[in-house]
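As a plain string of letters, each chain reads:
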Amino acid sequence: MGKFLIVAAYAVYAAFWLRFLGHALVWRKASQRLEALGAPLARWSVKGCALAVLDVVLLGRVFIVNPALWIGEWVFHASFLLVVLRHLRFFLDPVPDWVWWMQTPGLIAGYVLPFALLYILVIRLLTKLEKYAAPANLFLLGLVLAISSIGVVMHGLFKPDLVDVKLFIFGIAHFAPAAAPGSVLFLLHFCLVLVLVLFLPTHIFIAPLVMLEARKREQALRLVIHEK
Amino acid sequence: MKNKRSFTIELSARQILELDACTRCGECLKHCPVQDVTGNPAVSPPEKIRMFREFIRATDGLKARLFGPAEVDQKLLQDFAKAVYECTTCGACGQNCPVGIFTQRLWPMLRKEMVKRGLGPIGAQAETPAAIKNSGNPYNKPAAERYKPWFPETVKVADRSDIAYYAGCTGAYEAQPMVRGDVLVLNAIGEPFTMLPPEEEVCCGFPLFITGQHDLLKDLVTRLVKGYKAKGVKKLICSCPCCVNIMTRDWPAIYGEDLPFKIRHITQHVSEAIKNGKLQLKNKLSEAVIYHDPCYLSRGVGVIEEPREVLRSIPGVTMLEFERHGLNSRCCGSGGAARKVFHENAIAMGRQTIDEAVAKKADRLILSCPACYAKVNEAMQGHKNQIRITDIMELVSGLI
Ligand code: SF4
Ligand code: SF4
């Protein structure tokens, strides 16, 4: 089982980079393009930059269009990030101080994360507020819910041997694989994380850039016919 | 034989990234007028984007780079073409997109790709280039009839002037009270204005641009720009939001350099004239009016305040607002040339506009777009709710 997981981890890692490379080739092509017809003469302003930062950090545009969903989405994204940072201790040795500082916030976020996901799923599926739910997004939400719930159960009830976990993860990350821990819950958690990496949506890399461009464009709307 | 053409050719850098940035959250569906009347998510923005991403992957993805482009599923291509042409290109989806995708510009470029592949345009839209070539306008009406039926005899047009007025094909042939109102108001302002002769005032190119048929654009735009330049024009005024949109956003790029004149929507010119006392609205109108923001005027070029300033300056008028107005306005159904093919959708959307105006107890529905004017009037025929529909300049011209 351990060997299989190690091979699977490297396969997923390779698949992730291949997929990323596929997208990067298209992005590279995009970067070589001239702007098309009708591009407004966008200029950066302090206000535009501030709004763009709020869009990316606080998901400001989601707040404007759907405040009920926003709270769930923001808590989900923020707690997911904290949980990822908390998990860095398994990948690094020595563990930097700032990763140690993330342990308590990351732990709290780990307990909040499944509730944020449940909230989003309720809004998406059980209320009449939403008209569309992409199957791919529901799959990802369910997947992260399962991963985070197992994480909570492992922390609260069935703790795996953390030394074994660290040796296993660190070994994979540094191409010196070690034996897998005996905890079934951990193995399930790990497998589901591999599936998540495999299906990680690429919009997480590109959406912030498009949000910045959108603010720039909106700020430039007056240049189209008023000030030209 | 395999079609190896890349699906990204017609797209700008920003648009290629936008396609990849869609989170498929579905927020846009709540603001899409086509969804309101069809309830069909298959023609929604996230579905269109999903399909187009597949096409790009087939021709530009890693596998395509290594082993050559893959054949795209023809059924999927046809579904996509239908979906992208059923859209009114109103841009409400982009306005409410949490990522900020500029859909009002994206859809027309995806349509252009469909044209290049022989899958677009659809229905009557395909006749537009031939009609324009033949008559100068997309309705294939004689140039001699462009001004004659509506142009007021009392109004004199200067041979040369700083100011020019472009009537536009839809106004001239399909919404004549509107263009008649325009010239009456321009005349009342008292500044001389010029116009091109009817056979020279050809289509601005928007019906071609919006349906993805770009071949004639250069010729049309060059003819028009040179025509106005020869008359010494410094300010070109137009009342059609679609014309104004393509003139400001695309004409410079199509023409190849900055235009020798600036473009203004007629409500900008009139609101300025009211402010500086060149135009006075003397007659009172004791009515509640509701103004519909045309998508290509509000979201397209940001003209939102000026029509309201004009209306507010009418003595006695009470202004009402649609729930969705300004940048957020809801399409009346006539946009994107979709009305030429998906007639029933357009009528249903037009009726929603009428119904809301009636529910708000407006005495009059004020429009400022010839396409809206023609289609909403058509939508009212045989409809249970009735309201008086007036173009903004038609209204103003009756009050001076
Ligand atoms: S709102 Fe924007 S990101 Fe969300 S599905 Fe629509 S186009 Fe995609
Ligand atoms: S542009 Fe308008 S009609 Fe087209 S998908 Fe967007 S909201 Fe719907």
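These numbers come from a predicted model, not from an experiment. As a convention, each chain's residues are numbered from 1 in the sequence order in which they are written. The order in which chains are written sets their letters, starting at A; the order in which ligands are written sets their numbers, starting at 1. Where totals are concerned, whole chains, interfaces and linings use all residues; where local detail is concerned, this predicted model gives features only for residues with pLDDT of at least 70, and gives and counts side-chain atom pairs only at 80 or more. To get the side-chain values, all heavy atoms of the structure are used, and hydrogens and water are removed first.

A.B. asks: Just checking my understanding: could you explain the overall build of chain A for this structure?
C.D. replies: Across its full length, chain A carries 11 helices and 0 strands. Counted from the first residue to the last, chain A has its helices and strands arranged as α-α-α-α-α-α-α-α-α-α-α. Once the C-alpha set of chain A is aligned to its principal axes, its extents read approximately 70 × 40 × 35 Å. Only protein chains enter the accessibility calculation, which uses a 1.4 Å probe; a residue whose area is less than 20% of its type maximum is buried, one above 50% is exposed, and one in between is partly exposed. Expressed as a percentage of its 228 residues, the buried residues of chain A come to 41%. Pairs of residues are marked as contacts when any of their non-hydrogen atoms sit within 4.5 Å. Restricting to contacts in chain A with at least 6 residues of sequence separation, those with at least 24 account for 73%. Residue burial considers only the protein chains on display, and all accessible areas are found by Shrake-Rupley using a 1.4 Å probe. Carbon and sulfur atoms make up 76% of the accessible area of chain A, which totals about 12,500 Å². None of His or the chain ends enter the tally, which takes Lys and Arg as positive and Asp and Glu as negative. For the purpose of locating charges, the reference atoms are NZ of Lys, CZ of Arg, CG of Asp and CD of Glu. Charged side chains of chain A number 20 positive and 11 negative; the gap between the two group centres comes to 7 Å. Strands are runs of DSSP state E lasting at least 2 residues, helices are runs of H or I lasting at least 4, and numbering of each runs from the N terminus.

A.B. asks: Would you explain the site of ligand 2 in this entry?
C.D. replies: Residue and element names in this part refer to chain B. We call a residue near a molecule or strand when any one of its heavy atoms sits within 4 Å of it. For ligand 2, the full set of nearby residues is Cys32, Pro33, Val34, Pro45, Lys48, Cys87, Thr88, Thr89, Cys90, Gly91, Cys93 and Trp107. Sorting the residues of the shell around ligand 2 by element identifies helix 2 (33–38) and helix 3 (45–60) as the ones contributing at least two each. Partitioning the shell around ligand 2 into residue classes produces 8 nonpolar, 3 polar and 1 charged. Asp, Glu, Lys and Arg are counted as charged, while Ala, Val, Leu, Ile, Met, Phe, Trp, Tyr, Cys and Pro are counted as nonpolar; the rest, among them Gly, fall into the polar class.

A.B. asks: How should I be thinking about the interface of chain A and chain B in this particular structure?
C.D. replies: Interface size, as often reported, equals the accessible area lost upon joining of the parts. Every contact between the two is made by 47 residues of chain A and, on the other side, 60 residues of chain B. At the boundary of chain A with chain B, total buried surface from both sides reaches about 4,400 Å², with 58% on carbon and sulfur atoms. When a carboxyl oxygen of Asp or Glu is within 4 Å of a side-chain nitrogen of Lys or Arg, the pair counts as a salt bridge. Here chain A is connected to chain B by 4 salt bridges. In protein, a polar contact requires one atom able to donate a hydrogen and another able to accept it; more generally it is a pair of N or O atoms within 3.5 Å, and residues adjacent in sequence count only if both atoms are side-chain atoms. Taken together, chain A and chain B are joined by 17 residue pairs in polar contact (both at pLDDT 80 or more). Within the residue set of the side of chain A that touches chain B, elements represented by two or more residues are helix 1 (2–31), helix 3 (60–65), helix 7 (135–156), helix 10 (203–219) and helix 11 (221–225) of chain A. Per element, the largest residue contribution to the side of chain A that touches chain B is 10 residues, and it comes from helix 1 of chain A. Its residues placed into classes, the side of chain A that touches chain B shows 28 nonpolar, 9 polar and 10 charged. Buried area: the sum, over both parts, of the accessible surface (1.4 Å probe) that disappears when the two are put together.

A.B. asks: Explain the pattern of salt bridges here, please?
C.D. replies: Side-chain pairing between opposite charges can occur once the charged atoms of the two side chains come close. Going through the model one piece at a time under the given rule, you end up with 34 salt bridges over all chains. A salt bridge links glutamate 130 of chain A to arginine 124 of chain A, with the shortest nitrogen-to-oxygen separation between them at 3.3 Å. A relative accessible area of 9% means that arginine 124 of chain A is categorised as buried. Note that glutamate 356 of chain B and arginine 330 of chain B form a salt bridge whose closest N and O atoms lie 3.6 Å from each other. Residue glutamate 356 of chain B is found in helix 18 (residues 343–359), and its partner arginine 330 of chain B is found in the loop between strand 6 (318–320) and helix 18; the two are separated by 26 residues along the sequence. For the pair glutamate 356 of chain B and arginine 330 of chain B, one class covers both residues: buried.

A.B. asks: In this structure, what is going on with the sheet that holds strand 2 (residues 193–194) of chain B? I would like to understand it.
C.D. replies: Two modes of strand pairing occur in sheets, parallel and antiparallel, and in both the strands are linked by backbone hydrogen bonds. Residue and element names in this part refer to chain B. Strands qualify as paired when DSSP identifies two bridges or more between them. Pairing is parallel across the open sheet formed by 4 strands, whose spatial order is 2-1-3-4. The sheet is open, and its two edges are formed by strand 2 and strand 4 (262–265), each paired on a single side. The sheet contact formed by strand 1 (residues 163–166) and strand 2 spans 2 bridges and is parallel. From the neighbouring strand, isoleucine 163 faces strand 2, where its bridge partner is phenylalanine 193.

A.B. asks: How should I be thinking about the site of ligand 1 in this particular structure?
C.D. replies: What surrounds ligand 1 is the set Cys22, Thr23, Arg24, Cys25, Gly26, Cys28, Pro46, Cys97, Pro98 and Val99 of chain B. Grouping the constituent residues of the shell around ligand 1 by class yields 7 nonpolar, 2 polar and 1 charged.

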